[in-house]
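# Commentary on secondary and tertiary structure
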Amino acid sequence: MLNALTILLVFQLIGEVITRLADWPVPGPVIGMGLLFLTLVLRGGPDDSLEGTANGLLSHLSLLFVPAGTGIMLHAERLESEWLPLAAALLVSTVLTIAVSALCLQLFVKRRAASDE
Amino acid sequence: MNEQSITGLWVYLSTRPLLGLTMTLVAYGIAWRIHQRLRGHPLANPVLMAVALLVLVLTLTDTPYPRYFDGAQFVHFLLGPATVALAIPLYRQFNRMRAMALPLGVTLLLGCTVAITSAWIVGAWLGADERTLISLAPKSVTTPIAMAVAEALGGLPSLTAALVIATGILGAMTAQGLFRLMRIQDRSAQGFAIGIAAHGIGTARAFQLSPEAGAFAALAMAANGLLTAVLAPWLVPMLKHWISH
């Protein structure tokens, strides 16, 4: 597990260094994820320890958003004065985005399935 | 123990990282148990319940957020390695994704545009001010990218962080109901849609639906993060020009 955690942190660090040096607006961990993915493709998959540690981290992914989410208390004033446009925009936009994306991809999948038959 | 020593103990503990860290884990533990008790019902979102509980406790004890975060940052820090770890489920679905590259690309472009534009239109129509609208625009992507985009376009990065989390929670809460309503059964379409609209919190939810949905959500989250960073600086000035309140 220690080994796997080290691998994850090293890839994050490499990603962090790349975005700083290249001055990209993309966060380091996302670059790290891309690089680890490429490494897995080249090397033919993760070993058991990396797989196990990754699954452990991802099984409680929700927990990791709690500290940032609690930061909502810093914006109590703005939320109070603009709660209606904010709530409506978030709800409508989120539902619409999910619906449009899912519908679009499902149409493709169905069409492909039909042409395969 | 008299009252004074209890106050003294509180003053001591509230300046240590231990308390913020423990509070985060306990609040999440309680929220997770309620979530399980309700058989994983999407409305009983664990992030929402844990955040509500923590805001309540911090407000009642008059603890400022930065002091809480001194401890909570250890949990927050794990977001980095967890994001890197998403490479593993991505790798598992690689062959399927390669076969679907074109449909995934088209869906992503459409979903990303809808996410930014629809939030702007609704917010502007209901009278949000321009800084709020800019902070709202990148709400569908993972916090660090969204904050960077908001900052570059003149929004409020810390407001963006809160809106991103709220979006993730809303996405996780509404997705399943929507899929049922619209008869979307394909796991890859479900996962990909949640990932575009609701980043990591949506991805966490998608992993509960199936590993396949989770992997597609992780892909969508990463790809939408990149696309939003490219598209928003170009879309937002247009929206500003055409649709202001």
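Residues numbered from 1 in each chain as written. Chains lettered and ligands numbered in written order. Predicted model: local features only at pLDDT ≥ 70, side-chain atom pairs only at ≥ 80, totals over all residues. Heavy atoms only, no water.

Next up on the list: the state of the cysteines. Per the counting criterion, the structure on display carries 0 disulfides over all chains. Left unpaired, A:Cys104 is separated from the closest cysteine sulfur, that of B:Cys112, by 13 Å. (Disulfide = S-S within 2.5 Å.)

This next bit is on the confidence of the model for chain A. Per-chain confidence: chain A averages 91 in pLDDT, with 98% of residues scoring 70 or above. Across chain A, the element-wise mean pLDDT spans from 91 in helix H4 (residues 66–70) of chain A up to 94 in helix H1 (residues 2–22) of chain A. (pLDDT = per-residue confidence, 0-100. Helix = DSSP H or I, 4+ residues; strand = E, 2+ residues; numbered from the N terminus.)

Facing the 94 residues of chain B at the interface are 66 residues of chain A. Taking both sides of the interface into account, the surface hidden between chain B and chain A amounts to around 7300 Å²; carbon and sulfur atoms contribute 82%. At the surface where chain B touches chain A, the tally comes to 2 salt bridges. A:Glu51 is the salt-bridge partner of B:Arg92, the closest N and O atoms lying 2.3 Å from each other. On inspection of chain B and its partner chain A, the count reaches 16 residue pairs in polar contact (both at pLDDT 80 or more). Looking at which element gives the most residues to the side of chain B that touches chain A, the answer is helix H11 (residues 157–182) of chain B, with 14 residues. Looking at the side of chain B that touches chain A, its residues break down into 68 nonpolar, 21 polar and 5 charged. (Contact = heavy atoms within 4.5 Å. Buried area = accessible area lost by both parts, 1.4 Å probe. Salt bridge = Lys/Arg side-chain N within 4 Å of Asp/Glu carboxyl O. Polar contact = N/O pair within 3.5 Å; in protein donor to acceptor, adjacent residues only side chain to side chain. Nonpolar A, V, L, I, M, F, W, Y, C, P; charged D, E, K, R; others polar.)

Turning to unusual backbone geometry, a few remarks are in order. With phi around 50°, B:Arg39 is a residue other than glycine that occupies positive phi space. Mapped onto the fold, B:Arg39 is located in the loop between helix H2 (17–37) and helix H3 (46–60).

A separate point is the packing of aromatic side chains. Residue and element names in this part refer to chain B. In total, this model carries 4 aromatic pairs over all chains according to the counting rule given. Arranged with centres 5.9 Å apart and planes meeting at 45°, the rings of Tyr-65 and Tyr-68 form a pair that is tilted. Here the residue Tyr-65 and the residue Tyr-68 both occupy positions in helix H4 (residues 65–77), the gap between them amounting to 3 residues, near one helical turn. The exposure classification of Tyr-65 matches that of Tyr-68, with both residues buried. An aromatic cluster is present here, built from Tyr-65, Tyr-68 and Phe-69 joined pairwise through their rings. (Phe/Tyr/Trp six-rings, centres within 6.5 Å; stacked < 30°, edge-to-face > 60°. Buried < 20%, exposed > 50% of the residue type's maximum accessible area, 1.4 Å probe, protein only.)

Among the secondary structure elements, B:Gly225 is positioned in helix H13 (residues 211–242). With residues up to four places along the chain from it excluded, the contact list for B:Gly225 reads B:Val141 and B:Ile145.

Quick look at H3(B) now. Residues and elements named next belong to chain B. Here H3 spans 21 Å end to end across 15 residues, near enough to the 21 Å set by a 1.5 Å rise per residue. Buried within H3 are the following residues: Pro-46, Val-47, Ala-50, Val-51, Leu-54 and Leu-58. Projected down its long axis, H3 shows its buried positions confined to an angular sector of 120°, all on one face. The outward face of H3, more than 90 degrees from its buried face, is lined by the exposed residues Thr-59 and Leu-60. For H3, the capping residue at the N-terminal end is Asn-45, with a side-chain oxygen 3.0 Å from the backbone nitrogen of Val-47. Where H3 terminates, the next one or two residues include Asp-62, which has phi positive at roughly 60°. (Expected span 1.5 Å × (residues − 1). Arc of directions from axis to C-beta.)

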